[in-house]
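Commentary on secondary and tertiary structure
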Amino acid sequence: MVGRVDYTPLQAYELTGLVLTRLPMHFPEIDPIGRGDWEVMGPAMIVRASTATNALFKLGPGDSWLAAEAIARTIIETTITYAWLAADPSAHVPVWLAGNDAERRRADNKHVHW
């Protein structure tokens, strides 16, 4: 088939290696609370997707398909979120952080009632 791309574990390893060989990263100034700093969040999200991709390809035939599904979902969600945040960090990062805070509060409140 013309134009078909065949993704293999070797290609995934090579691609993620481009990211992981640049670790550790050093930043001259970081928000002490660690929130809202796109210069830190962006690379962290790329690293998260890369390490998850490596983990996915290390699963063997005897491993749970649920584990593979959970890791794949992490990769997809991280990649989509990264793309949205990267499109306009100054506008999207505060919205994303506010949403995360609201979700965390709802989860905490739910557990308080137990």
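Scroll up a little and you will see the structure.
Residues numbered from 1 in each chain as written. Predicted model: local features only at pLDDT ≥ 70, side-chain atom pairs only at ≥ 80, totals over all residues. Heavy atoms only, no water.

Our next topic: the packing of aromatic side chains. Per the counting criterion, the structure on display carries 1 aromatic pair. Arranged with centres 5.5 Å apart and planes meeting at 25 degrees, the rings of Trp38 and Tyr82 form a pair that is stacked. One end of the pair, Trp38, is in helix α2 (residues 38-58); the other, Tyr82, is in helix α3 (residues 65-87), and 44 residues separate them in sequence. By relative accessible area, Trp38 is classed as buried at 17%. Here Tyr82 falls in the partly exposed class, since its relative accessible area comes to 27%. (Phe/Tyr/Trp six-rings, centres within 6.5 Å; stacked < 30°, edge-to-face > 60°. Helix = DSSP H or I, 4+ residues; strand = E, 2+ residues; numbered from the N terminus. Buried < 20%, exposed > 50% of the residue type's maximum accessible area, 1.4 Å probe, protein only.)

Our focus in this paragraph is the nonpolar core. By size, the foremost hydrophobic cluster in this structure holds 6 residues: Trp38, Met41, Met45, Leu85, Val93 and Leu97. For this core, the element with the most residues is α2, which contributes 3 residues. Ignoring anything within four residues of it in the chain, the contact list for Leu85 reads Trp38, Met41, Met45, His92, Val93 and Trp96. (Core = buried A, V, L, I, M, F, W, Y, C linked by side-chain atoms within 4.5 Å. Contact = heavy atoms within 4.5 Å.)

Before going further, it helps to spend a moment on the layout of surface pockets. In this structure, the largest pocket encloses a volume near 320 Å³. The wall of the largest pocket is formed by 17 residues, among which Ala12, Leu15, Thr16, Thr53 and Ile75 lie closest to the centre. Only α1 (9-20), α2 and α3 provide two or more residues apiece to the lining of the largest pocket. Tallying contributions element by element places α2 first for the lining of the largest pocket, with 6 residues. Here the lining of the largest pocket is built from residues that sort into 11 nonpolar, 6 polar and no charged. What the second largest pocket holds in volume is close to 190 Å³. Looking at the lining of the second largest pocket, the elements with two or more residues in it are α2, α3 and α4 (89-112). In terms of residue count, the dominant contributor to the lining of the second largest pocket is α3 (4 residues). Of the residues that constitute the lining of the second largest pocket, the class distribution is 2 nonpolar, 4 polar and 3 charged. (1 Å grid on protein atoms, 1.4 Å probe; cavity = no way out; pocket = protein on both sides within 12 Å on 5 of 7 lines; lining within 4 Å. Points joined across faces, edges and corners; volume = space filled by probe spheres on them. Nonpolar A, V, L, I, M, F, W, Y, C, P; charged D, E, K, R; others polar.)

As a further point, take the pattern of salt bridges. Where side chains of opposite charge bring their charged atoms close, a pairing between them can arise. With the rule as written, the count across this model stands at 1 salt bridge. Here Glu77 makes a salt bridge to Arg73, at a shortest N to O gap of 2.5 Å. Residue Glu77 and its partner Arg73 are located together in helix α3, separated by 4 residues, close to a single helical turn. Under the relative-accessibility criterion, Glu77 is labelled partly exposed at 40%. The class of Arg73 is exposed, set by a relative accessible area of 55%. (Salt bridge = Lys/Arg side-chain N within 4 Å of Asp/Glu carboxyl O.)

With that settled, consider the side chain of Thr78. Mapped onto the elements of the fold, Thr78 is located in helix α3. Apart from residues no more than four positions distant in its own chain, Thr78 is found in contact with Met45, Arg48 and Ala49.

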